[in-house]
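# Overview (structure and organization)
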Amino acid sequence: MKEIIIDGHKIPVHKFSAIIIGSGCAGFNAADTLFDLGQTDIAIVTEGINMGTSRNTGSDKQTYYKMAVQSGETDSVDAMAKTLFDGKSVNGDTALAEAAASLRSFMKLVNLGVPFPTNEYGEFAGYRTDHDTGRRATSAGPLTSKYMTEALERQVLSKGITIFDNTMIVKLITDNGCIAGAIGIDKTRLYDENMGFVIFLADNIILATGGPAGIYQNSVYPPSQKGMSGLAIGAGAKCANLQEWQYGIASVDFRWNLSGTYQQVLPRYISIDENGCEREFLPEYFENPADAVNLVFMKGYQWPFDSQKLSGSSMIDMLVYREEIELGRKVYMDFRSEPAVLKNGFEVLSDEAYEYLQKSGALISTPIARLAKMNPKAIELYKSHGIDLYSEPLRITVAAQHNNGGIAVDKNWETNISGLYAAGEVAGTFGVYRPGGSALNSTQAGSLRAAEHIRYGTHEKRADETCALENASILIEKWLKAVNKDNKTLNPAIFEKTKAIAAQMSACGAHIRRLKDLEKMKTDIAKMLENTESLLTEICPADLPGWFRLRDTGVTVQAVVSSMIYAGKYIGSRGGSIILEEDAAHGNTEYDDKVLVYDIHSGCSFEPVRLIPECNNWFETVWNEYNRRILQ
Ligand SMILES: Cc1cc2nc3c(=O)[nH]c(=O)nc-3n(C[C@H](O)[C@H](O)[C@H](O)COP(=O)(O)OP(=O)(O)OC[C@H]3O[C@@H](n4cnc5c(N)ncnc54)[C@H](O)[C@@H]3O)c2cc1C
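Here the structure is a predicted model, which is why all the values come from computation and not from measurement.

### Remarks on the overall build of the protein chain
Across its full length, the protein chain holds 19 helices and 22 strands. In terms of overall dimensions, the protein chain is globule-like: its C-alpha atoms have a radius of gyration of 25 Å, near the 26 Å expected for 632 residues. Per-residue burial over the protein chain gives 59% buried out of 632 residues. Within the protein chain, contacts between residues at least 6 apart in sequence are counted, and of these 74% link residues at least 24 apart. Carbon and sulfur atoms form 50% of the exposed surface of the protein chain, whose accessible area is close to 25,100 Å². Between the mean site of the 63 positive side-chain charges and the mean site of the 78 negative ones, the protein chain shows a separation of 2 Å.

In structure tokens form, the structure reads like this:
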């Protein structure tokens, strides 16, 4: 490590061949793979080693999607690539690479001890997940991604890979179209003379900062995951399909997806107004109230909101939104008593719902008794987070869960900025639909591809280190001069502005979108970003991480909202969202083979998808090419 003096303050400068930003299952796998490939001069920089989605989330049966390997299934790389590609607006080369890396990544996790179940002969049993064509899905239980992260972390620690914990990257430094490094802020040293600023120089950076969760108020991402996609967007990295998200019904006080048995036991949906007046609202919206409970049942295995299912299970998400956002009521799922329509028995249920409950021995009264019978752990989970489903209703919302789009990458997960890679959820390799569990496959495949390209790829040009340091120094000097070091009082405006943006996004830019409101939001955000610099003089050092986050949220929202408006105008309602304006386009399929690209300089445009490459897999040809690319 060396130091440079900026405005009289010593700023540490660390130099590595590659740094990885983020410690989720993408970040850890990137570092571990680089090390195994012999690229050992690397470091992970993370704002919090225990933060992020991978380590802190889960679901009923958290799914990992891989190529099917159990008997009775015939699967192949091209079949899996096609399923991914068929998700619409997906590039074929990344789909092929995700399929090709699937078994290799999965087996690595198995060998690291992630408990994916096998039968007595060692076969990995699979099940069919949403948007799947075979039984490719598996699960290590409710906490699959946590086990993955811990297993990969053990590898990284055992290899002694350097980790900068509590260090938030606040700016990427580029020069000549290439990545040069990043500026970080050590959150434990904000009151040091240099306010914790630190410079990292690296020819290669893998951005593994996860999904931009912090842009939504109604979110089922863990509270510790905010994301920081604006780092790359602001540096000029192009984005793909930022408008495509997954939203679904989740609990608020403890963030958890309410899929599977939580719905199949048929809870009562109630809302409560500001005077505490409670009503069961679903029956009001249906001519035959039995339809409501049957749709609730369907919601169990059709969890994400889908504009194709508006007259089906997604109507439940619409009605929850109406009660909460339009009528301003708090919405709950109540397991304590029976929905009104079931008060006289179960005969009103669809054959499917009736048979399911019957086979589960759960044709018994009250949703909580059914849940206790079918999935007692689901009750214990909430109990362990201080929520007793026997005595209180569960507050719910329609929450953001996953960004299918993200930073645009090529087949090596490299962005348009040479040497800058994006892997995991921050990368935009999915389109409208994706098979359940494919996000976790993508964290592993993308980080593997990026690591291999850093190790074996070639770059025609690189950044100039002196210019990079100069650029970094100018910025740090500006920030050091602006912030009053002696100020110890937090400025509430930072938190309030970030919170207000997230609330606005949930109201008009989630599963239900209004183009007029999004246009207004775009203008508001542009103004906010203009004024952010002047806020610097009104904050204390402890506000700095929040200030950088506010700025990043603004840049990210600007990109997401622009993409939503553009998609709304040309495509209309599609996948996980609907546009409410009557004159909006409606599911224009003309764009299913196009990727919506956002560029901070030129705005939005459509690009044709890159097709699945037709590869010449004649062994001798591949071997020769491999020897040239990898072994020499
Ligand atoms: C409720 C829920 C259920 C899910 N279920 C499934 C499922 O069943 N199957 C599936 O495939 N996917 C599922 N997902 C999605 C999947 O879990 C995530 O896409 C995946 O874990 C993301 O991993 P990641 O490594 O890309 O990012 P993360 O795990 O989110 O890690 C991001 C890391 O970057 C760090 N970071 C961020 N910004 C900075 C910065 N500026 N400086 C330094 N560090 C930074 C964070 O602290 C964190 O360490 C689910 C998601 C949720 C929320």
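Don't stop here, the text continues.
### A closer look at unusual backbone geometry
With a phi close to 60 degrees, Asn176 is a non-glycine residue in the positive phi region. Mapped onto the fold, Asn176 is located in the loop between β7 (167-175) and β8 (178-186). Residue Asn176 is classed as partly exposed on the basis of its relative accessible area of 48%. Positioned with a positive phi, Thr366 is a non-glycine residue whose angle comes to about 75 degrees. Looking at the element boundaries, Thr366 is found in the loop between α11 (351-359) and α12 (367-374).

### Section: the domain arrangement of the protein chain
Bring the parts together and some accessible area is lost; that lost area is often taken as the interface size. Taken domain by domain, the protein chain consists of domain 1 (2-244 + 404-465), domain 2 (248-400) and domain 3 (486-594). Between domain 2 and domain 3, the C-alpha centre-to-centre distance is 30 Å. Each partner contributes to the interface: domain 2 provides 10 residues, whereas domain 3 provides 12 residues. Carbon and sulfur atoms make up 67% of the area that domain 2 and domain 3 hide from each other, which totals about 810 Å². It is Phe305, Ser307 and Tyr321 that lose the most area in domain 2 upon contact with domain 3, and together they represent 59% of the buried surface on that side. If you look at where domain 2 meets domain 3, you find 4 residue pairs in polar contact (both at pLDDT 80 or more). Sort the elements by how many residues they give to the side of domain 2 that touches domain 3 and helix α10 (residues 314-326) lands first, with 5 residues. Here the side of domain 2 that touches domain 3 is composed, by residue class, of 6 nonpolar, 1 polar and 3 charged.

### Comments concerning the sheet that holds strand β16 (residues 394-403)
Note on sheets: strands pair through backbone hydrogen bonds, and any given pair is parallel or antiparallel. Taken together, the 6 strands give an open sheet; going across it, the order is β12-β11-β16-β15-β13-β14, and neighbouring strands pair in antiparallel fashion. Lying at the two open borders of the sheet, with one neighbouring strand each, are β12 (256-257) and β14 (278-280).

### Regarding the site of the ligand
In the neighbourhood of the ligand, 39 residues make up the surrounding shell, with Thr53, Ser54, Thr63, Glu425 and Leu440 lying closest. Here Glu425 contributes a side-chain N or O atom positioned 2.7 Å from an oxygen atom of the ligand. In the complex, the protein chains occlude 98% of the 1,000 Å² of accessible area that the ligand would expose alone. The element best represented in the shell around the ligand is helix α14 (residues 438-456), accounting for 4 residues. In terms of residue class, the shell around the ligand is made up of 14 nonpolar, 23 polar and 2 charged.

### Digging into the packing of helix α3 (residues 77-85) against helix α4 (residues 92-100)
The geometry of a pair of packed helices is captured by two quantities: the angle between their axes and the separation between those axes. For the pair α3 and α4, interaxial distance at closest approach is 8 Å and the crossing angle is 135 degrees. In this view, α3 runs oblique relative to α4, as classed from their interaxial angle. Between α3 and α4 lies a crossing whose hand is right-handed. From α3, Val77, Met80, Ala81, Leu84 and Phe85 reach across to α4, where they touch Gly92, Ala95, Leu96, Glu98, Ala99 and Ala100. Tallied by class, the residues present in the contact of α3 with α4 amount to 9 nonpolar, 1 polar and 1 charged.

Definitions and limits used
- Residues numbered from 1 in each chain as written.
- Predicted model: local features only at pLDDT ≥ 70, side-chain atom pairs only at ≥ 80, totals over all residues.
- Heavy atoms only, no water.
- Helix = DSSP H or I, 4+ residues; strand = E, 2+ residues; numbered from the N terminus.
- Rg over C-alpha atoms; globule rule 2.2 N^0.38 Å.
- Buried < 20%, exposed > 50% of the residue type's maximum accessible area, 1.4 Å probe, protein only.
- Contact = heavy atoms within 4.5 Å.
- Areas by Shrake-Rupley, 256 points an atom, 1.4 Å probe, with all protein chains shown as cover.
- Lys, Arg positive; Asp, Glu negative; His and termini not counted.
- Charge placed at Lys NZ, Arg CZ, Asp CG, Glu CD.
- Domains from an automatic or database assignment.
- Buried area = accessible area lost by both parts, 1.4 Å probe.
- Polar contact = N/O pair within 3.5 Å; in protein donor to acceptor, adjacent residues only side chain to side chain.
- Nonpolar A, V, L, I, M, F, W, Y, C, P; charged D, E, K, R; others polar.
- Pairing = 2+ DSSP bridges.
- Near = heavy atom within 4 Å.
- Axes fitted to C-alpha atoms, helices over the stretch in contact; angles between N-to-C directions.
- Parallel < 35°, antiparallel > 145°, perpendicular 65-115°, else oblique.
- Left-handed = near helix turned anticlockwise from the far one by under 90°.

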